[in-house]
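Residue-level structure breakdown
Take a look at the letters that make up each chain.
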Amino acid sequence: MKEIHSIFLACFLVSAFACFIASAFDPSPLQDYCVAIDDLKDGVFVNGKFCKDPKLAVADDFFFSGLNKPGSTYNRVGSNVTTVNVDQIPGLNTLGISLVRIDYAPYGENPPHTHPRGTEILVVVQGTLYVGFVTSNPENRLITKILYPGDVFVFPIGLIHFQYNVGNTPAVAFAGLSSQNAGVITIANAVFGSNPPINLDVLTKALQLDKNVVTHLQSIF
């Protein structure tokens, strides 16, 4: 009987610990929507967020206009990302999805970057893109594909990926992300453009570059 009691207690503790671990994740929505608000006086606390009273929700809480307009690609990388996440559509709050439009100048690129909180699925609507991602350590395998209008490609969550317009005409793509705000870390900007700058000795050793090269790159970003 004592052994049975001990086993029961151990199972109970394991189950309780598992429930505790599970509670660290975002819970599933328990209502139709949860429109994010900054002013809490008209809000209710649901699923760990302050949300507008559902009775006060209006169509504009779920609406965005302008993805038909190309973004300016007159910059160093020749691309522009128009983001539609919870900051643009408050009604996306808790729904785990967002959208972007990406414009590419001829031979422009969306440089290597990661989305720490979302997987991306991209569809090309104009032009020809060379896309790819790199698997995690230690393999670091590069997986690439040439995409044409109508083609779809997936970039797994957290992995470094890129798109490059291999044509001499503009290109356009749309992408969905599995987060209301997937975040973005552009590798070069993060490494060479951090504020304050990463110590020069750290970067020269990590990247095996001359200090003058690192200093120059930091001045660019």
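Scroll up to find the structure.
Remember, it's a predicted structure, so these values are computed and weren't measured experimentally.

Some points on the side chain of Ser98
Tracing the sequence through the fold places Ser98 in strand β4 (residues 98-104). Discounting residues that sit within four places of it in the chain, Ser98 has contacts with Val84, Asn85, Leu92, Ala175, Gly176, Leu177, Ser179 and Gln180.

Quick notes on a nonpolar patch on the surface
Together, Ile121, Val152 and Val154 make up an exposed nonpolar region whose accessible area comes to about 230 Å². Following the sequence through the fold, Val152 ends up in strand β9 (residues 152-155). Look at Val152 and you get partly exposed, because its relative accessible area is 46%.

Some points on the pattern of salt bridges
Applying the stated rule across the entire model yields four salt bridges. Notably, a salt bridge pairs Lys52 with Asp61, separated by 2.9 Å at the nearest N-O pair. Each member of the pair, Lys52 as well as Asp61, is classed as buried. When the shortest N-O distance is used, the salt bridge between Glu139 and Arg141 registers 3.3 Å. Looking at Arg141, the relative accessible area reads 44%, which means it is partly exposed.

Thoughts on the pairing of strand β6 (residues 120-126)
For β6 and β9, the ladder comprises four bridges, and the chain directions are antiparallel. In the sheet register, Val123 faces β9, and the bridge partner there is Val152. One ladder, built from six bridges, connects β6 with strand β11 (residues 171-177); its direction is antiparallel. Bridging across to β11, Glu120 finds its partner in Leu177.

Description of the packing of aromatic side chains
Inspection of the entire model under this criterion finds four aromatic pairs. Ring geometry for Phe133 against Phe153: centres 6.1 Å apart, planes inclined by 50 degrees, an arrangement best described as tilted. Taken together, the residues span a long stretch of sequence, with Phe133 in strand β7 (residues 129-134) and Phe153 in strand β9 at a distance of 20 residues. Phe153 shares its class with Phe133; the two are buried. Aromatic side chains Phe192 and Phe221 sit 6.1 Å apart centroid to centroid with 25 degrees between the ring planes, which places their arrangement in the stacked category. Remark: Phe221 occurs in the segment after α4 (211-220) and Phe192 occurs in helix α2 (residues 187-192); sequence separation between them is 29 residues. The partly exposed category is assigned to Phe221, whose relative accessible area is 35%.

Definitions and cut-offs
- Residues numbered from 1 in each chain as written.
- Predicted model: local features only at pLDDT ≥ 70, side-chain atom pairs only at ≥ 80, totals over all residues.
- Heavy atoms only, no water.
- Helix = DSSP H or I, 4+ residues; strand = E, 2+ residues; numbered from the N terminus.
- Contact = heavy atoms within 4.5 Å.
- Patch = residues over 30% accessible without salt bridge, like charges linked within 9 Å, V, L, I, M, F, W, Y side chains within 5 Å.
- Areas by Shrake-Rupley, 256 points an atom, 1.4 Å probe, with all protein chains shown as cover.
- Salt bridge = Lys/Arg side-chain N within 4 Å of Asp/Glu carboxyl O.
- Buried < 20%, exposed > 50% of the residue type's maximum accessible area, 1.4 Å probe, protein only.
- Pairing = 2+ DSSP bridges.
- Phe/Tyr/Trp six-rings, centres within 6.5 Å; stacked < 30°, edge-to-face > 60°.

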